[in-house]
Each structure stands twice: as structure tokens, then as C-alpha cells.
Amino acid sequence: MMVLITYDVSFSSEDGKARLRRIAKICQDYGTRVQYSVFECDIDPAQWVRLKAELLATYDEEVDSLRFYILGKSWRSKVEHHGAKTALDLFADTLII
């Protein structure tokens, strides 16, 4: 399933920049950065549970913001992209690792 994650981390506290780096690293472990604070994560339900738990344990609910947009399995019909930075479509072409 595709989950779009956006976040805004406050730098008002001393550990804001460290939280921002940790949140970005967690998101990078599960998905692809498509904008500075926006990630597309094509994950299974078990990964979603772990990812969400890690993010909720990291952010500061008093000053930070996390948003999860669950686009599901048929996300391709819901996403339209224009401009630079085209996303890698793992299912359209052969991927050699």
C-alpha cells in the first residue's frame, strides 16, 4: 500500500534539528523522498505499523506535526506528477540491484 508522509518539525527546542534528522532517516528507511519533508512509502501493513510507531515515538506532539495519507494499493490512479524529479516506478520497469 502507498502511504504519503509529511512532517513539520519545530526548531524551537534544542533537539529540533536532531528530531528532524531522525524523522527523515526513519522515512528514508521505508520510502522515497519526493519533496523536502514529504515521503512516498510503498509498504505492506506490517511495515506500516512499525513505521508509524517509530515516527510517533520520535516526534514531539507539542510542537511537531506528522500527517499520513493512506492511498492504498490502487494509488497509481490517485497520483499525478508534473515537473522535475520523477519518481522511480518499481513496478513499471525491470529493477536490477
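Above: the structure in question.
All of these numbers come straight from a predicted model, not from anything done at the bench.

Visitor: Honestly, the sheet that holds strand β4 (residues 65-72) in this entry has me stumped. Any pointers?
Guide: What holds strands together in a sheet is hydrogen bonding between their backbones, with the strands either parallel or antiparallel. In space, the four strands of this open sheet follow the order β2-β3-β1-β4, with antiparallel pairing throughout. The open sheet has two free edges, formed respectively by β2 (32-35) and β4, since each of these has just one partner strand. On average, each strand axis in the sheet is inclined to that of its neighbour by 25°, with strand direction left out of account. Across the sheet, helix α2 (residues 45-58) touches β1 (2-8), β3 (38-42) and β4, and the angle it forms with β4 is around 170°.

Visitor: Is there a simple way to explain the environment of proline 45 in this structure?
Guide: Looking at where proline 45 falls in the secondary structure, it is placed in helix α2. Expressed as a C-alpha distance, the spacing of proline 45 and methionine 1, which sit 44 residues apart in the sequence, is 7.4 Å.

Visitor: Explanation requested: the pattern of salt bridges in the structure shown.
Guide: A side chain with one charge may pair with a side chain of the opposite charge, provided their charged atoms come close. Applying the stated criterion across every chain yields a total of three salt bridges. With a shortest N-O distance of 2.7 Å, arginine 19 and aspartate 15 are connected by a salt bridge. Between arginine 19 and aspartate 64 there is a salt bridge, with the nearest N and O atoms lying 2.6 Å from each other. With arginine 19 in helix α1 (residues 16-30) and aspartate 64 in the loop between α2 and β4, this pair connects stretches of sequence that are 45 residues apart. By sharing partners, the salt bridges in this structure join Asp15, Arg19 and Asp64 into a single network.

Visitor: Explanation requested: the pairing of β1 in the structure shown.
Guide: Residues in a regular strand point their side chains to alternate faces of the sheet. Among the seven residues in β1, five count as buried, and that is most of the element. With five bridges joining them, β1 and β3 adopt antiparallel strand pairing. By the bridge assignment for β3, valine 3 is matched with cysteine 41. In terms of strand pairing, β1 meets β4 through seven bridges, oriented antiparallel.

Procedures and definitions
- Residues numbered from 1 in each chain as written.
- Predicted model: local features only at pLDDT ≥ 70, side-chain atom pairs only at ≥ 80, totals over all residues.
- Heavy atoms only, no water.
- Pairing = 2+ DSSP bridges.
- Helix = DSSP H or I, 4+ residues; strand = E, 2+ residues; numbered from the N terminus.
- Axes fitted to C-alpha atoms, helices over the stretch in contact; angles between N-to-C directions.
- Contact = heavy atoms within 4.5 Å.
- Salt bridge = Lys/Arg side-chain N within 4 Å of Asp/Glu carboxyl O.
- Buried < 20%, exposed > 50% of the residue type's maximum accessible area, 1.4 Å probe, protein only.

So far we have only geometry, and geometry alone does not tell us how the molecule works.
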